[in-house]
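Listed here are the chains, written in short residue letters.
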Number of protein chains: 2
Amino acid sequence: MTEPVPLARLFAIAYRQLVDGLHERLAERGWTDVRPAFGFLLLALRAGPASLGDLPGVLGTSKQAVSKLVDRMVAAGYVERVPDPGDGRAKQVRLSSRGQALLAEVERIWVELEAAWEDAIGGARLAGLRSDLEQVLRSAHGGALPPVRTVA
Amino acid sequence: MTEPVPLARLFAIAYRQLVDGLHERLAERGWTDVRPAFGFLLLALRAGPASLGDLPGVLGTSKQAVSKLVDRMVAAGYVERVPDPGDGRAKQVRLSSRGQALLAEVERIWVELEAAWEDAIGGARLAGLRSDLEQVLRSAHGGALPPVRTVA
DNA sequence: CGGGATCGTCAACCCGGTTGACCATCCCGG
DNA sequence: CCGGGATGGTCAACCGGGTTGACGATCCCG
């Protein structure tokens, strides 16, 4: 064991495990048309509507990718595009009521899944894991939590 | 902060950060045709050649996806397909010498990147993070480290 | 020896991302 | 007051990596 499994792979496994668990539970509760990518936009709109132009910086993807993601989520009825009142070019994106319900369900499931992790390693170590991880990510990004994919 | 950022997102960010760092450094050192997906196969072949049929269980994808990945890596000169001596249907996959050199470079870079993390949170907390993470992943999978994507 | 199981590939498709081109709108300077 | 960048957003074409279904080749056992 001179070279243990790379940290990156542990993170990949952990991520998949949580996301798979999320969608499994969502499907069980009737949310069958939720794509994994939806979660990022959902979370970004948690604090309120956002201008489409601001989202690439938050999500860490191109504006075209954001546009396509919004398209899908509009088609699924989770968000709405509304024209910006003060700028004829701009549009805003906001959660529909169905989107808000989904967000609430997702947050409930995160709590459940993290509770399962607590059962495995205990609350103290889980809290430490979270805070250590947040610290190292923030330290590499000037104190703020970076987007998933560092924006180009 | 009733509901902090989900753990899953922290893992996604951490994963991207490490993988982006890896490929940045690889490119700096002349490895310009390495795709992110290569790493998984590289690691799987670290201990020696493997039968193509065994890889889906290790990588957590379908055998067709494995075949396509091997195609790409063969085209890039990192692995070789050799017929299984004892079974006319089966083929084995093994690292070429260039693949071994790449693997060595990748492992060197992981060490460098993890050293940077140590600078941020210290060696003890990094070690704790790793072992906690490994423990919770193993506990959900009967003691063994699961594949990235749980096999169907 | 023949029929089912297994190994691997091919083909078609999907999702989520990219880049480049483009139109509509804003806004500022001559 | 207008004309020309700069900006917001979409469309189109493409790519990587995954899926499922179908299929030929080979093995193995009754």
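Residues numbered from 1 in each chain as written. Chains lettered and ligands numbered in written order. Predicted model: local features only at pLDDT ≥ 70, side-chain atom pairs only at ≥ 80, totals over all residues. Heavy atoms only, no water.

1. Here we look at the relation of the copies chain A and chain B
For the match of chain A to chain B, the screw axis carries a shift of 0.0 Å, the RMSD comes to 0.0 Å, and the turn is 180°. Such values leave the two copies arranged in the relation of a two-fold axis. (Least-squares fit on C-alpha atoms with pLDDT ≥ 70 in both.)

2. Quick word on the protein's contact with DNA strand D
Around DNA strand D lies a shell of 22 residues, among which Gly-53, Ser-67 and Lys-91 of chain A together with Lys-68 and Gly-88 of chain B are the nearest. When atoms of DNA strand D within 4 Å of the protein are sorted by moiety, sugar and phosphate together comprise 60%. In the model, a phosphate oxygen of DNA strand D is placed 2.6 Å from a nitrogen or oxygen of the Arg-81 of chain A side chain. Looking at the surface near DNA strand D, the elements with two or more residues in it are α4 (63–75) of chain A together with α4 (63–75) of chain B. Split by residue class, the surface near DNA strand D holds five nonpolar, eight polar and nine charged. (Near = heavy atom within 4 Å. Polar contact = N/O pair within 3.5 Å; in protein donor to acceptor, adjacent residues only side chain to side chain. Helix = DSSP H or I, 4+ residues; strand = E, 2+ residues; numbered from the N terminus. Nonpolar A, V, L, I, M, F, W, Y, C, P; charged D, E, K, R; others polar.)

3. Considerations on the sheet that holds strand β1 (residues 50–51) of chain B
Residue and element names in this part refer to chain B. One open sheet accounts for three strands, arranged β1-β3-β2; its pairing is antiparallel. Every other strand in the sheet has two partners, leaving β1 and β2 (79–83) as the edge strands with one partner each. When β1 meets strand β3 (residues 91–95), the two strands line up antiparallel, connected through two bridges. By the bridge assignment, Ala-50 is partnered in β3 with Val-93. The sheet contacts of α4 involve β2 and β3, and relative to β2 the element is tilted by about 115°. (Pairing = 2+ DSSP bridges. Contact = heavy atoms within 4.5 Å. Axes fitted to C-alpha atoms, helices over the stretch in contact; angles between N-to-C directions.)

4. Points about the nonpolar core
Core analysis: the biggest nonpolar cluster contains 88 residues, and Phe-11 and Leu-133 of chain A together with Phe-11 and Leu-133 of chain B have the highest contact counts within it. Dropping the residues within four chain positions of it, Leu-133 of chain B is found in contact with Leu-10, Phe-11, Ala-14, Trp-117 and Leu-129 of chain A together with Phe-11 of chain B. (Core = buried A, V, L, I, M, F, W, Y, C linked by side-chain atoms within 4.5 Å. Buried < 20%, exposed > 50% of the residue type's maximum accessible area, 1.4 Å probe, protein only.)

5. Things to note about the interface of chain A and chain B
Tallying the contact residues gives 44 residues for chain A and 44 residues for chain B. Across the chain A/chain B interface, buried area totals approximately 5000 Å², and carbon plus sulfur atoms make up 68% of it. At the junction of chain A and chain B, the tally comes to two salt bridges. For Arg-125 of chain B, the salt bridge identified is with Asp-132 of chain A, shortest N-O distance 2.4 Å. Inspection of the region where chain A meets chain B yields ten residue pairs in polar contact (both at pLDDT 80 or more). For the side of chain A that touches chain B, the residue count by class is 29 nonpolar, four polar and eleven charged. (Buried area = accessible area lost by both parts, 1.4 Å probe. Salt bridge = Lys/Arg side-chain N within 4 Å of Asp/Glu carboxyl O.)

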